[in-house]
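# Overview (structure and organization)
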Amino acid sequence: MQQPPTQAVEQFLLQLQDRICTALEKADGYASFREDLWERAGGGGGRTRVISGGDLLEKGGVNFSKVHGDKLPPSATAQRPELAGQPFTAVGVSLVLHPRNPYVPIVHMNYRFFAAGSVWWFGGGADLTPSYGFVEDARHFHQTLKAACDRHGPDFYPRFKTWCDEYFTIKHRQEMRGVGGIFFDDLSGDADTLQAFWEDVANSFLESYLPIAERRRNTPFGERERDFQLIRRGRYVEFNLVYDRGTLFGLQSGGRTESILMSLPPLAAWHYDWQAPTDSPEARLKEDFLTPKDWA
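- Within an unreviewed UniProt entry, the label attached to the chain reads Oxygen-dependent coproporphyrinogen-III oxidase, and the organism entered is Acidithiobacillus sulfurivorans.
- What the UniProt record of the chain gives under Sequence similarities (unreviewed entry) is the line "Belongs to the aerobic coproporphyrinogen-III oxidase family."
- According to the UniProt record, the Subcellular location (unreviewed entry) comment for the chain is "Cytoplasm".

Given below as structure tokens:
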């Protein structure tokens, strides 16, 4: 039986966090990350980095965590009940960026590794959540992820793209959170093969997102666009607090609350029975972008 590659995964994720933070600070050009080191009472800890008040990024977080404990929380065993009560180790990097300009999309990325009892698996993915939809942005994001997936298996992208579409759906709204990306969990098999794939897609994040951010960051906007951005952020909050497995796992496993909830935006809005004007860019977002499409 292969030993879980926990140490190698941890080193990769620490380096990934460093590379991404350095690139984002350079892209923002104004703000820097604040770092907090923390320890978990039940075992483990993490390295939280948050940026705010930037030129590009109104708020963003890039978190590393490694936690372990005597038994997995309910959110981690919902699909794997045979692991209930097993000791576990979970290590991962999670990122959420809330840009200042409404034309720059929110982006989420998470790559993680779990070992529980005698089994282990990789999980992760990245997805894009625009306020204003642009076909070229959705294509670029998906094509970059697809290229990374295709280097490791022709079925990876279509499988994980569909999984992402289904997972990042706000069921009570009957709409996707954004334009998707890739998502996978409980991925086990040959450790070397899967780790190579997992690292490749994680390394593709900056290439998938920064060109979009640079393209849109100077687009003029006014109160209307800002108001819609806050409504879209409200949808983001709804998903993260109601459905997101990572958020639930972090809270149920006794993780650091401030680090877990760094994914929430600094400002958001909920207007009662809000409806987009007919034939408006806001209406076209839901009609043309918040349903599954073959963007790649």
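## Quick notes on the overall build of the chain
- From N to C terminus, the chain includes 10 helices and nine strands.
- Its C-alpha atoms give the chain a radius of gyration of 19 Å, near enough to 19 Å, the size a compact globule of 296 residues would have.
- Along the longest, intermediate and shortest principal axes, the C-alpha atoms of the chain span 60 × 40 × 35 Å.
- Going through the 296 residues of the chain one by one, you find that 56% of them count as buried.
- Within the chain, residue pairs in contact and separated by at least 24 positions form 70% of the contacts whose partners lie at least 6 positions apart.
- For the chain, the exposed area adds up to about 13,100 Å²; of that, 50% sits on carbon and sulfur atoms.
- Charge separation in the chain, taken as the distance between the mean sites of 33 positive and 39 negative side-chain charges, equals 1 Å.

## A short note on the environment of Ser94
- As for its placement among the helices and strands, Ser94 is situated in strand 4 (residues 88-99).
- In this structure the C-alpha to C-alpha distance between Ser94 and Phe64, which are 30 residues apart in sequence, comes to 6.7 Å.
- Not counting chain neighbours up to four residues away, the residues in contact with Ser94 comprise Gly61, Val62, Asn63, His108, Met109, Asn110 and Met262.

## Concerning the UniProt feature "binding site: substrate" (unreviewed entry) in the chain
- Within the UniProt annotation, "binding site: substrate" (unreviewed entry) is assigned to Ser94, Asn110, Tyr111, Arg112, Gly254, Gly255 and Arg256.
- Within the secondary structure, Gly255 is located in the loop between helix 8 (245-252) and helix 9 (257-260).
- Setting aside residues up to four positions removed in sequence, Gly255 forms contacts with Arg40, Gly250 and Ile260.

## Details of the UniProt feature "active site" (unreviewed entry) in the chain
- The positions that UniProt labels "active site" (unreviewed entry) are, in the present scheme, His108.
- Assignment of secondary structure puts His108 in strand 5 (residues 106-116).
- Leaving out residues up to four positions away in the same chain, His108 has contacts with Ser94, Leu95, Val96, Gly125, Ala126, Asp127, Phe168, Arg177 and Tyr236.
- Reaching out from His108, the side chain makes a polar contact with the side chain of Asp127 at a distance of 2.8 Å.

## Some thoughts on the side chain of Asn110
- Its place among the elements puts Asn110 in strand 5.
- A polar contact is formed between the side chain of Asn110 and the side chain of Arg112, at a distance of 2.4 Å.
- The residues contacting Asn110, other than those within four sequence positions of it, are Val93, Ser94, Gly123, Gly124 and Gly125.

## Some details on the environment of Thr48
- Tracing the backbone through its elements, the reader meets Thr48 in strand 2 (residues 44-52).
- With a relative accessible area of 3%, Thr48 lands in the buried category.
- A C-alpha to C-alpha distance of 28 Å links Thr48 and Phe160, two positions 112 residues apart in sequence.
- In this view, Thr48 contacts Arg34, Glu35, Asp36, Trp38, Val62, Asn63, Arg256 and Ser259; residues no more than four positions away in its chain are not counted.
- Side chain to side chain, Thr48 and Ser259 meet in a polar contact 2.4 Å long.

## Thoughts on the packing of aromatic side chains
- Taken as a whole and assessed by the stated rule, the structure comprises 26 aromatic pairs.
- Taken together, a centroid distance of 4.3 Å and an interplanar angle of 5° make the contact between Tyr167 and Phe183 stacked. Here Tyr167 is found in helix 4 (residues 156-167), whereas its partner Phe183 is found in strand 9 (residues 180-187), with 16 residues between them in sequence. This pair shows no difference in class: Tyr167 is buried, exactly as Phe183 is.
- Every member of this aromatic cluster is reached through a ring pair, and the members are Tyr111, Phe156, Phe160, Trp163, Tyr167, Phe168, Phe183, Phe184, Phe197, Phe239 and Tyr243.

## Comments concerning the pairing of strand 6 (residues 119-129)
- Counting buried positions along strand 6 yields 10 of 11 residues, so the element is predominantly enclosed.
- Taken together, the 11 bridges between strand 5 and strand 6 define a ladder with antiparallel strand orientation. Within strand 6, the residue paired with Phe113 across the bridge is Phe122.
- Counting the residues in the hairpin turn of strand 5 and strand 6 gives two residues, including Gly117, whose phi is positive at 60°.

## A short note on the sheet that holds strand 2
- Read from one edge to the other, the open sheet built from seven strands follows the order 1-2-3-4-5-6-9, with strand pairing classed as antiparallel. If you trace the sheet from one side to the other, it starts and ends with strand 1 (34-39) and strand 9, each paired once. For this sheet, the mean inter-axis angle between neighbouring strands, taken without regard to orientation, is 5°.
- Contacts between helix 4 and the sheet are confined to strand 6 and strand 9, with strand 9 contributing the most and set at about 100° to the helix.

Basis of the calculations
Residues numbered from 1 in each chain as written. Predicted model: local features only at pLDDT ≥ 70, side-chain atom pairs only at ≥ 80, totals over all residues. Heavy atoms only, no water. UniProt positions renumbered as here; feature names shortened; annotations may be inferred. Helix = DSSP H or I, 4+ residues; strand = E, 2+ residues; numbered from the N terminus. Rg over C-alpha atoms; globule rule 2.2 N^0.38 Å. Buried < 20%, exposed > 50% of the residue type's maximum accessible area, 1.4 Å probe, protein only. Contact = heavy atoms within 4.5 Å. Areas by Shrake-Rupley, 256 points an atom, 1.4 Å probe, with all protein chains shown as cover. Lys, Arg positive; Asp, Glu negative; His and termini not counted. Charge placed at Lys NZ, Arg CZ, Asp CG, Glu CD. Polar contact = N/O pair within 3.5 Å; in protein donor to acceptor, adjacent residues only side chain to side chain. Phe/Tyr/Trp six-rings, centres within 6.5 Å; stacked < 30°, edge-to-face > 60°. Pairing = 2+ DSSP bridges. Axes fitted to C-alpha atoms, helices over the stretch in contact; angles between N-to-C directions.

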